[in-house]
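Descriptive analysis of the structure
Residues per chain, in single letters:
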Amino acid sequence: GIDSETSQDIAEAISLKGGRYLEAQIQGSKSQAQDGTLVILVSGDRSLFDDCQSCFQAMGKNSFYLGEVGNATKMNLVLQTMMGVTLAGLAEGMALADRAGLQQKDVLEILELTGLACPILLNKGRSIIDGGFPTHQPLQHMQKDLKLSLNMGDTLEQPLPLTASANEVFKHAKRLGYGEHDVSAVYIRARF
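All of these numbers come straight from a predicted model, not from anything done at the bench. (Residues numbered from 1 in each chain as written. Predicted model: local features only at pLDDT ≥ 70, side-chain atom pairs only at ≥ 80, totals over all residues. Heavy atoms only, no water.)

**Topic: the packing of aromatic side chains**
Evaluation of the coordinates by the stated rule reveals two aromatic pairs. On the numbers, 5.7 Å between centres and 35 degrees between planes, the contact of Phe49 with Phe56 is tilted. For the pair Phe49 and Tyr65, a centre-to-centre distance of 5.3 Å together with 50 degrees between the ring planes defines the contact as tilted. With Phe49 in helix H3 (residues 46-51) and Tyr65 in strand S3 (residues 60-65), the pair connects residues that are 16 residues apart, well separated along the chain. The buried category is assigned to Phe49, whose relative accessible area is 6%. Grouping aromatic residues by their ring pairs yields a cluster made of Phe49, Phe56 and Tyr65. (Phe/Tyr/Trp six-rings, centres within 6.5 Å; stacked < 30°, edge-to-face > 60°. Helix = DSSP H or I, 4+ residues; strand = E, 2+ residues; numbered from the N terminus. Buried < 20%, exposed > 50% of the residue type's maximum accessible area, 1.4 Å probe, protein only.)

**What about unusual backbone geometry?**
Among all residues except glycine, the phi angle is most often negative; among peptide bonds, the trans geometry is most common. Even without a glycine there, the phi angle at Phe133 is positive, about 55 degrees. Counting through the fold element by element, Phe133 comes out in the loop between helix H7 (119-130) and helix H8 (139-156). The class of Phe133 is buried, set by a relative accessible area of 5%. Its identity is not glycine, yet Glu157 carries a phi of approximately 55 degrees, on the positive side. Along the chain, Glu157 turns up in the loop between H8 and helix H9 (161-178).

**Thoughts on helix H5 (residues 71-99)**
End to end, H5 covers 42 Å across 29 residues, agreeing with the expected 42 Å (1.5 Å per residue, within 8%). A positive backbone phi angle near 85 degrees is found at Gly101, which sits one or two residues after H5. (Expected span 1.5 Å × (residues − 1).)

**Things to note about the sheet that holds strand S2 (residues 38-44)**
One open sheet holds the three strands; their spatial order is S1-S2-S3, and the pairing between them is mixed. Bordering the open sheet on either side are strand S1 (22-27) and S3, each of which pairs with just one other strand. Taking the axes of each pair of neighbouring strands and ignoring which way they run, one obtains an average angle of 20 degrees across the sheet. Across six bridges, S1 lies against S2 in antiparallel orientation. (Pairing = 2+ DSSP bridges. Axes fitted to C-alpha atoms, helices over the stretch in contact; angles between N-to-C directions.)

**Some details on the side chain of Gln27**
Counting through the fold element by element, Gln27 comes out in strand S1. Polar side-chain contacts of Gln27 include one of 2.6 Å to the side chain of Asn76. Not counting residues within four places of it along the chain, the set of residues in contact with Gln27 comprises Leu38, Val39, Leu41, Asn76, Leu79 and Gln80. (Polar contact = N/O pair within 3.5 Å; in protein donor to acceptor, adjacent residues only side chain to side chain. Contact = heavy atoms within 4.5 Å.)

**Description of a nonpolar patch on the surface**
On the surface, Met75, Val78 and Met82 cluster together into a nonpolar patch covering about 250 Å² of accessible area. By the secondary structure assignment, Met82 is in helix H5. (Patch = residues over 30% accessible without salt bridge, like charges linked within 9 Å, V, L, I, M, F, W, Y side chains within 5 Å. Areas by Shrake-Rupley, 256 points an atom, 1.4 Å probe, with all protein chains shown as cover. Salt bridge = Lys/Arg side-chain N within 4 Å of Asp/Glu carboxyl O.)

**A short note on the confidence of the model for the protein**
Scored by pLDDT, the protein comes out at a mean of 95, with 100% of its residues at no less than 70. When pLDDT is averaged over each helix and strand of the protein, the minimum, 86, is found for helix H2 (residues 30-35) and the maximum, 98, for helix H6 (residues 104-111). (pLDDT = per-residue confidence, 0-100.)

Next comes the structure, spelled out in structure tokens:
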């Protein structure tokens, strides 16, 4: 991923050469890509967006037109911020449960019966319990997106203290050698 300003620069350069530009960001995992159920966030030339619908439909279940160039990146970073903070919280909760002598499988079983139950928490929770961290979304990509979100927050003078904390946890997990593992490997850092 890139920041919205870089995308705007690319759009301007293409436009000056007579071309049309779409910025597209993808939300989803490796398995969603294989299933063709990605969510595609698009901004830029509206007529080009309309022309590309068959391509988007081949890759994903939904595509969203978000207006001017830069908005797709901004939306992606907002969603990645929510995901990163949520996954850091899951990792810390699972580490706390383990330290408290609770069975992590019990945590997930109970979680599944509450309003917190959602596929990402349950799937990543299972990865934490299994300890294998098969890569569906690389941890290093999440950390990069958190860093870009923090930069966007700085530009907009929007405080992001939870994102800053989550970014540090992901950075440390990356330094421990888990950058290419799944984002659920953030648990390795959280349990210290």
